[in-house]
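Now for the letters of each chain:
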Amino acid sequence: MEFLLVIVLIAVVALVVVSVSRGRRAKAEALADAQADARAAIERLSGQVNNLVGSNEAAQQALADAGERYNAAGSQIAQATTPAQAGLAKQTAIEGLYYTRAARVAMDMDPGPAIPELDGQRAAGTVGEDRSVEVEGREIAASPAPSDRTPNYYPGGMVAGRPVPAGWYSEPWWKPALVAGAWGVGSYLLFSSLFAGMAGVGPAVMADGAGADGGFDGGDAGGDAGGDFGGGDFGGGDFGDAGGGFDFGGFDF
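A quick note: this is a predicted structure, and the numbers were derived from the prediction, not measured.

The rules we used
Residues numbered from 1 in each chain as written. Predicted model: local features only at pLDDT ≥ 70, side-chain atom pairs only at ≥ 80, totals over all residues. Heavy atoms only, no water. Helix = DSSP H or I, 4+ residues; strand = E, 2+ residues; numbered from the N terminus. Buried < 20%, exposed > 50% of the residue type's maximum accessible area, 1.4 Å probe, protein only. Contact = heavy atoms within 4.5 Å. Areas by Shrake-Rupley, 256 points an atom, 1.4 Å probe, with all protein chains shown as cover. Polar contact = N/O pair within 3.5 Å; in protein donor to acceptor, adjacent residues only side chain to side chain. Phe/Tyr/Trp six-rings, centres within 6.5 Å; stacked < 30°, edge-to-face > 60°. Lys NZ or Arg CZ within 6 Å of the ring centre and 35° of its normal. Salt bridge = Lys/Arg side-chain N within 4 Å of Asp/Glu carboxyl O. Axes fitted to C-alpha atoms, helices over the stretch in contact; angles between N-to-C directions. Parallel < 35°, antiparallel > 145°, perpendicular 65-115°, else oblique. Left-handed = near helix turned anticlockwise from the far one by under 90°. Pairing = 2+ DSSP bridges. Core = buried A, V, L, I, M, F, W, Y, C linked by side-chain atoms within 4.5 Å.

### Remarks on the overall build of the protein
Right, on to step 1. For the protein, the helix and strand inventory stands at 9 helices and 6 strands.
Right, on to step 2. Here the protein, with 253 residues, has 44% of them falling under the buried criterion.
Right, on to step 3. Considering only contacts within the protein whose residues lie at least 6 apart along the sequence, 66% involve residues at least 24 apart.
Right, on to step 4. If you sum the accessible surface of the protein, you get close to 12300 Å²; carbon and sulfur atoms cover 55% of it.

### Concerning the environment of Gln61
Right, on to step 1. Structurally, the position occupied by Gln61 is in helix H2 (residues 57-79).
Right, on to step 2. Classification of Gln61 as partly exposed rests on a relative accessible area of 28%.
Right, on to step 3. In this structure, the C-alpha to C-alpha distance between Gln61 and Ala103, residues 42 residues apart in sequence, is 8.0 Å.
Right, on to step 4. Residues contacting Gln61, with those up to four places away along its chain left out, are Pro151 and Asn152.

### Points about the side chain of Thr92
Right, on to step 1. Within the fold, Thr92 resides in helix H3 (residues 83-106).
Right, on to step 2. For Thr92, a relative accessible area of 0% translates into the label buried.
Right, on to step 3. Here Gln76 takes part through its side chain, which lies 2.7 Å from a polar atom of the side chain of Thr92.

### What to know about the packing of aromatic side chains
One pair of aromatic rings is described through two measures. These are the centre distance and the angle between the planes.
Right, on to step 1. With the rule as written, the count across this model stands at 12 aromatic pairs.
Right, on to step 2. Ring centres of Tyr169 and Phe195 lie 6.4 Å apart, and the angle between their planes is 85°; this geometry places the pair in the edge-to-face category. One end of the pair, Tyr169, is in strand S6 (residues 167-169); the other, Phe195, is in the loop between helix H6 (187-194) and helix H7 (218-229), and 26 residues separate them in sequence. The residues Tyr169 and Phe195 share a single accessibility class, namely buried.
Right, on to step 3. Ring geometry for Trp173 versus Trp174: centroids 5.7 Å apart, planes at 80°, classification edge-to-face.
Right, on to step 4. Taken together, the aromatic side chains of Tyr154, Tyr169, Trp173, Trp174, Trp183, Phe191 and Phe195 make up a single cluster linked through ring pairs.
Right, on to step 5. The ring of Phe191 carries Arg162 above its face, with NZ or CZ at 5.0 Å from the centroid.

### Some thoughts on the pattern of salt bridges
Right, on to step 1. Overall, the coordinates contain 8 salt bridges when judged by the stated rule.
Right, on to step 2. Of the charged contacts, one joins Glu139 and Arg149 as a salt bridge, the two residues approaching to 3.8 Å between their closest N and O atoms. Placement of Glu139 in strand S2 (residues 138-143) and of Arg149 in the loop between S2 and strand S3 (152-154) is noted, with a sequence separation of 10 residues between them.
Right, on to step 3. One network of salt bridges, in which partners are shared, links Glu68, Arg69 and Glu95.

### Remarks on the packing of H2 against H3
Right, on to step 1. Their axes nearest at 8 Å, the elements H2 and H3 cross at an angle of 165°. When the interaxial angle is binned, H2 and H3 end up roughly antiparallel. For the pair H2 and H3, the crossing hand works out as left-handed.

### Examining the pairing of S2
Note on strand geometry: in a regular strand, side chains alternate between the two faces of the sheet.
Right, on to step 1. Pairing between strand S1 (residues 131-135) and S2: 5 bridges, direction antiparallel. Residue pairing in the sheet places Glu134 in a bridge with Glu139 of S2.
Right, on to step 2. As consecutive antiparallel partners, S1 and S2 are separated by 2 residues, and within that stretch Glu136 has a phi angle of approximately 50°, a positive value.
Right, on to step 3. Note: S2 against S6, 2 bridges, orientation antiparallel. Counterpart to Ser143 in the pairing with S6 is Trp168.

### Here we look at unusual backbone geometry
Right, on to step 1. Although it is not a glycine, Asp108 adopts a positive phi angle of roughly 60°.
Right, on to step 2. Relative to the helices and strands, Asp108 is located in the loop between H3 and helix H4 (121-124).
Right, on to step 3. Residue classification places Asp108 among the exposed positions, given a relative accessible area of 73%.
Right, on to step 4. Its identity as a non-glycine residue notwithstanding, Ala160 has a phi of 50°, on the positive side.
Right, on to step 5. Mapped onto the elements of the fold, Ala160 is located in the loop between strand S4 (157-159) and strand S5 (162-164).
Right, on to step 6. A relative accessible area of 3% means that Ala160 is categorised as buried.

### Quick look at the nonpolar core
Right, on to step 1. Of all hydrophobic cores here, the largest spans 51 residues; its most connected members are Val159, Val164, Tyr169, Trp173, Trp183, Leu194 and Phe195.
Right, on to step 2. Ranked by residue count, the leading element in this core is H3, at 10 residues.
Right, on to step 3. Non-local contacts of Val164, meaning those with residues more than four positions away in its chain, are made with Ala124, Tyr154, Gly156, Gly157, Val159, Tyr169, Trp173, Trp183 and Phe191.

This is the structure we're talking about:
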């Protein structure tokens, strides 16, 4: 009987060891696959960033934004230890590809092959018309096409829990929220004025998640910003000037 118990114990231990080994191998394979997927997107972005030269202000700005995403994605993939972290690096690289595509459009070039959809991009929609509004003494313009007036591109997606439509803008008014992870109270007025009734924007853009005081929901603000941008993994170098260069007047960022 004791001999049988020993055999059973040995068999159980062997099964546990095999199960743990298989689990570790599966995790390692999943991480390797996610890293390879992210690196493919990063390499594609590298080719665009290194071979395109902006011929106008809109293209130059889009390529500068693409370069920031390229650097951020490289840093993220170098530090990725889980498939989810590698997935964030891929999302960052894909966002960079949208900026290089915008640069090509701004230079009247073929936009190139299709790019995978970004998280939150469909919910945000796109700017469907030229519009200009004044918010707290500041004029902000939006357009579906680049111009001298609207040289700043955004590919669409979630910023600090709020969907920002893809389009061209007079200034990157979303950057302080991207860096801080939360919107200022005055930004609700910007959304309601700039996008109200605009064709192409997603229903979620105008959804009232602000609460009674008109500010955005703080719980939403923290979560989605980390999902789309790696929890601030752009690093201090990428948007280091945002705090000083984009004071945005009365928006209270």
